[in-house]
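Structural features, examined
Residues per chain are reported as follows:
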Amino acid sequence: MTGRAWVLPLLLAGSLPFPGHAATGAAAYLQDKIGARWIGMGGAALAAADDVHAAFFNPAGLSRMGTVTWQVGSMYAFQNLDRATSSLSCAHQTDAYGSFAVSWVHRSIDGLEYVDASGQSSGETSSTEDAILVSGAYDVLYQVRVGSTVKMLRQAMFGASGAGFGLDLGVQVQPVL
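Cut-offs used in this document
- Residues numbered from 1 in each chain as written.
- Predicted model: local features only at pLDDT ≥ 70, side-chain atom pairs only at ≥ 80, totals over all residues.
- Heavy atoms only, no water.
- Helix = DSSP H or I, 4+ residues; strand = E, 2+ residues; numbered from the N terminus.
- Buried < 20%, exposed > 50% of the residue type's maximum accessible area, 1.4 Å probe, protein only.
- Contact = heavy atoms within 4.5 Å.
- Areas by Shrake-Rupley, 256 points an atom, 1.4 Å probe, with all protein chains shown as cover.
- Core = buried A, V, L, I, M, F, W, Y, C linked by side-chain atoms within 4.5 Å.
- Pairing = 2+ DSSP bridges.
- Axes fitted to C-alpha atoms, helices over the stretch in contact; angles between N-to-C directions.
- Polar contact = N/O pair within 3.5 Å; in protein donor to acceptor, adjacent residues only side chain to side chain.
- Patch = residues over 30% accessible without salt bridge, like charges linked within 9 Å, V, L, I, M, F, W, Y side chains within 5 Å.
- Salt bridge = Lys/Arg side-chain N within 4 Å of Asp/Glu carboxyl O.
- Lys, Arg positive; Asp, Glu negative; His and termini not counted.
- Charge placed at Lys NZ, Arg CZ, Asp CG, Glu CD.
- Phe/Tyr/Trp six-rings, centres within 6.5 Å; stacked < 30°, edge-to-face > 60°.

When helices and strands are counted, the chain shows three helices and six strands. For the chain, the α and β elements follow one another from N to C terminus as α-α-α-β-β-β-β-β-β. Buried positions account for 34% of the 177 residues belonging to the chain. For the chain, the proportion of contacts with a sequence separation of at least 24, taken over those separated by at least 6, is 45%. Accessible area for the chain stands at about 10600 Å²; split by element, carbon and sulfur atoms hold 61% of it.

See the structure below:
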């Protein structure tokens, strides 16, 4: 292919959903749905993401916020088994520099029984997980958007803690009909 004709097939291939085992690894709680709109839609957010919560699903959707230049979103969910999830997000869309967002997600699980090496119960503990997401998105061509999210992760459980980083890349292509 010549010129920039190779860009569209590459973007389309990169936007295909690839099943994996991400939900069984670190920060699996980030696979949960964030925001009332996406929970109500059953999580159908990869292609439709166009608001402050796009950083969680497909960061390219941040550039589809429309005429709204600022959005703030939050959520607090009590879940079964003493679990709770909360999030706070803020996004800003500019004409010249694209869209940017900062998000925080906190997941806690209380009432975890701590058992020592001999099998004796030593009381209860809790698990906390936090993620800070910094995202950016830009319209590269008409109806073609790209975005990325850098995730800083932290987990504490049973007196131990760990931290890590992640990167999400997203593409949205809207066909012209």
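Attention now goes to the nonpolar core. Counting 17 residues, the largest nonpolar core has Ile34, Phe56, Leu62, Ala91, Val105 and Leu133 as its most contacted members. When contributions to this core are tallied by element, the ones reaching two or more residues are α3 (54-57), β1 (70-79), β3 (98-115) and β4 (121-141). Leaving out residues up to four positions away in the same chain, leucine 133 has contacts with Ala55, Phe56, Ala101, Val102, Ser103, Val105, Thr149, Val150 and Lys151.

Attention now moves to the sheet that holds β3. Spatially, β1-β2-β3-β4-β5-β6 is the arrangement adopted by the six strands of the open sheet, whose pairing is antiparallel. Strands at the two margins of the open sheet, each flanked by one partner only, are β1 and β6 (160-173). Taking each pair of neighbouring strands and ignoring which way they run, the sheet shows an average axis angle of 10 degrees. As paired elements, β1 and strand β2 (residues 83-94) share 10 bridges and run antiparallel to each other. In the strand pairing of β2, tyrosine 76 is matched with serine 86.

To continue, consider the side chain of asparagine 58. Relative to the assigned elements, asparagine 58 resides in the loop between α3 and β1. Within the structure, asparagine 58 has its side chain in polar contact with the backbone oxygen of valine 171 (distance 3.3 Å).

A few words now on a negative patch on the surface. On the surface, a cluster of negative charge is contributed by Asp82, Asp110, Glu113 and Glu124. Judged by its relative accessible area of 52%, glutamate 113 falls in the exposed class.

A word on the pairing of strand β5 (residues 144-157). Where β4 and β5 come together, 14 bridges link them in antiparallel fashion. Each bridged residue has a counterpart across the sheet, and for leucine 133 the counterpart in β5 is lysine 151. Turn length for the β4-β5 hairpin, with the two strands adjacent in sequence and antiparallel, is two residues, and the turn residue glutamine 143 shows positive phi of about 70 degrees. Counted between consecutive antiparallel strands, the loop separating β5 from β6 contains two residues, among which phenylalanine 158 sits at a positive phi close to 55 degrees.

Before going further, it helps to spend a moment on the pairing of β6. Examined bridge by bridge, β5 and β6 share 14 bridges and lie antiparallel to one another. Within β6, the position partnered with valine 146 by the bridge is valine 171.

Let's shift gears to the packing of aromatic side chains. Tallying each qualifying case throughout the model produces one aromatic pair. Ring geometry for tyrosine 76 against phenylalanine 78: centres 4.8 Å apart, planes inclined by 80 degrees, an arrangement best described as edge-to-face.

Right, let's talk about a nonpolar patch on the surface for a bit. There is a patch of nonpolar side chains on the surface, built from Val72, Leu88, Val102, Trp104, Ile132, Val134, Val150, Met152, Phe165, Leu167 and Leu169 and spanning about 1100 Å² of accessible area. Of all elements in the fold, only β3, β4, β5 and β6 reach the threshold of two or more residues within the nonpolar patch. The leading source of residues in the nonpolar patch is β6, at three residues. For leucine 88, the location among the structural elements is in strand β2.

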